[in-house]
Amino acid sequence: MSENTDLIIVGGGISGASLLYTVAKFTDIDDVTLIEKEREIAAINSHRTNNSQTLHFGDIETNYTLEKAEEVKEGAELLAGYLEGTDPDREMHSKRSKMVLGVGDEETDKLAERYHENGFGDLFPKLREIGRDEIAELEPKVVEGRDPGTELKALQTPDGYVVDYGAVAKSFVDAAREEEGVGVHLGTAVENVDEGRDGFTVETDDGDFEADAVVVAAGSHSLQFAKEMGYGEHMSLLPVAGSFFLADDLLNGKVYTLQMKKLPFAAVHGDADVHDDGVTRFGPTAKLVPALERGRLSTVSDFADVFGFSPASVLSYVNILSDRILFPYVVRNLVYDLPEVGKRAFLPNVQKVVPTVDVDDIERAKGYGGVRPQIVDTKNKELDMGEAKITGDGILFNITPSPGASTALKNAMTDVQTVLDFFEEDYAFDEDAFREATIENFPRADDEGADAEAGEGDSRVPAEADD
């Protein structure tokens, strides 16, 4: 089989699906094809059990600078607007209270400084500074059993979007398939991408595909494809696997803890599952793994391809892992995976959110957790705290660590412009229509009723959650 198309997207996770949606619905590119090796869309890291289910705005992520929060905010609002417009029955998401919790004088002072002096209160109009009494109204278990002399403060917002990113990715693909010229090939593994004078040949286990342009949005595998084609030689990956612990019904919304700025991993938090509010998840942990996919030994060799075992890669790893903050963190997270011992070691993280939790109240979430590729700059021998895009002549490689799912539509909008450049302006992007279908539906603080939506559709969040 050989198939010709204008654009090929490799990867059917949230990143590839959002790009397919954006190209199909809002450009006049004639033919676009998505190729995914799994038999269903979003089967790996975008699956609901393999990520934190959080839509990251930058409001409660305390490792974000104001500048990064500004960038992430627009991306989150694009996706939130899409959800508001297409998922009124909340089958793909729920909306609950969300807060970052400060415990003790030092942490509460940091939150006050962040809100008042660092500009986060101005950037996020719906973000509120609340004390012990209001915390107790929203999240009784957070205050119950805690020393009354301990200072408590939280930054709280009603924009606690809990998202099934796998379902969202499938909705993107379904919407794209409504348009002419859209092809989706599932259960089709890409074996090689070959660049010729007249375009690209994408070789798969089900035949070849010819295209004028290619976007590889295959998570950690994107860098593997890039290196095979001679791109990204100064890059490597630090694959980090996240795990969770489960407990019974403890929280109404999302409760995050403060995070060390030097760590690129998500702060430990507790929240109710997107589809089962009787289950509370705590995590994630962050364990380094020599594989590109969780639990798949076949991807160990893929990691070896990305790592390269060059002196620059080895020295980069040594430099990164010898850091006095990161190294103890890595060791602690290895302990969390040990039977029984790990549960007891992780318990203080849970008790910081819900003090009355006992070791018998939590269990490791079996089968949960994905792999997030942290990008390593082997020139400077350091972690590159951000998303990476490698652009060639007619080809784009996307490597998206967290919060890649939250900013999927913003990344898609950026990638569409790159794709149009590949075609030398033969096609156009209707950005106004794209924004109307997405961010224009996001409820603003000054919209009537916007501040009263912390618990709409979720009876677990009390009326006091309203701004």
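Structural data are supplied above this passage.
Please read all numbers here as calculations on a predicted model, not as lab measurements.

### Examining the side chain of Asp273
By the element assignment, Asp273 lies in the loop between β13 (269–272) and β14 (280–283). Here Asp273 falls in the buried class, since its relative accessible area comes to 3%. In this structure the side chain of Asp273 is engaged in a polar contact, spanning 3.0 Å, whose partner is the backbone nitrogen of His275. If we ignore the near neighbours within four places in the chain, the residues touching Asp273 are Arg48, Gln53, Arg96, Val279 and Arg281.

### A few points about helix α11 (residues 326–335)
Where α11 is concerned, the buried positions are Leu326, Tyr329, Val330 and Asn333. Mapping the buried residues of α11 onto a view down its axis gives an arc of 100°, with all of them on the same face. Tucked inside the fold, the buried residues of α11 contact β15 (287–288) and α10 (311–321).

### Some words on the pairing of strand β2 (residues 32–35)
Along β2, one buried face is formed by Val32 and Leu34 and the opposite face, lined by Thr33 and Ile35, is buried too. For β2 and strand β6 (residues 182–185), the ladder comprises 4 bridges, and the chain directions are parallel. Paired with Thr33 across the two strands is Gly183, which belongs to β6.

### Some thoughts on unusual backbone geometry
Between Gly283 and Pro284 the backbone carries a cis peptide bond, its omega angle lying at 0°. Along the chain, Pro284 falls in the loop between β14 and β15. Of note in the backbone geometry, Ala42 takes a positive phi value of approximately 55° without being a glycine. The residue Ala42 is located in the loop between β2 and α2 (66–86) in this model. What makes Ala42 buried here is its relative accessible area of 3%. One non-glycine residue with positive phi stands out, namely Gln53, at about 60°.

### A short note on the layout of surface pockets
In this structure, the second largest pocket occupies an estimated 720 Å³ of space. Elements with a contribution of two residues or more to the lining of the second largest pocket: α3 (105–116), α11 and α12 (341–353). Of the residues forming the lining of the second largest pocket, the biggest block, 6 residues, is contributed by α3. For the lining of the second largest pocket, the per-class residue count stands at 14 nonpolar, 7 polar and 8 charged.

### Some details on the sheet that holds strand β11 (residues 245–247)
One open sheet accounts for 8 strands, arranged β4-β5-β3-β12-β13-β14-β11-β16; its pairing is mixed. The sheet is open, and its two borders are formed by β4 (128–131) and β16 (363–364), each paired with just one other strand. Sheet analysis places β13 next to β14, joined by 4 bridges and oriented antiparallel. If you follow Asp271 over to β14, its bridge partner there is Arg281. Relative to the sheet, α12 contacts β3 (93–103), β11, β12 (254–257), β14 and β16, its axis offset from that of β14 by approximately 110°.

### Let's talk about empty space enclosed by the protein
This model, assessed by the stated rule, comprises 1 cavity of 30 Å³ or more. Every residue along the wall of the largest cavity is listed here: Ser15, Ser18, Lys389, Asn398, Thr400, Ala408, Asn411, Ala412 and Asp415. Within the residue set of the lining of the largest cavity, elements represented by two or more residues are α1 (14–26) and α13 (408–422). Here the lining of the largest cavity takes 4 residues from α13, the largest share from any one element.

### Concerning the pattern of salt bridges
The full count for this structure, using the stated rule, is 25 salt bridges. When the shortest N-O distance is used, the salt bridge between Lys25 and Glu178 registers 3.3 Å. Separated by 153 residues along the polypeptide, Lys25 in helix α1 and Glu178 in the loop between α7 (165–177) and β6 bring together distant segments of the chain. A relative accessible area of 61% means that Glu178 is categorised as exposed. In this structure, Asp415 engages Lys389 in a salt bridge whose closest nitrogen and oxygen atoms are separated by 2.9 Å. Of this pair, Asp415 sits in helix α13 while Lys389 sits in strand β19 (residues 388–391), and the two are 26 residues apart along the sequence. Judged by relative accessible area, which is 2%, Asp415 ranks as buried. Taken together, the salt bridges that share partners define one network made up of Lys37, Glu38, Glu293 and Arg296.

Reading the values: the criteria
Residues numbered from 1 in each chain as written. Predicted model: local features only at pLDDT ≥ 70, side-chain atom pairs only at ≥ 80, totals over all residues. Heavy atoms only, no water. Helix = DSSP H or I, 4+ residues; strand = E, 2+ residues; numbered from the N terminus. Buried < 20%, exposed > 50% of the residue type's maximum accessible area, 1.4 Å probe, protein only. Polar contact = N/O pair within 3.5 Å; in protein donor to acceptor, adjacent residues only side chain to side chain. Contact = heavy atoms within 4.5 Å. Arc of directions from axis to C-beta. Pairing = 2+ DSSP bridges. 1 Å grid on protein atoms, 1.4 Å probe; cavity = no way out; pocket = protein on both sides within 12 Å on 5 of 7 lines; lining within 4 Å. Points joined across faces, edges and corners; volume = space filled by probe spheres on them. Nonpolar A, V, L, I, M, F, W, Y, C, P; charged D, E, K, R; others polar. Axes fitted to C-alpha atoms, helices over the stretch in contact; angles between N-to-C directions. Salt bridge = Lys/Arg side-chain N within 4 Å of Asp/Glu carboxyl O.

Function-wise, these values are silent; they only describe arrangement.
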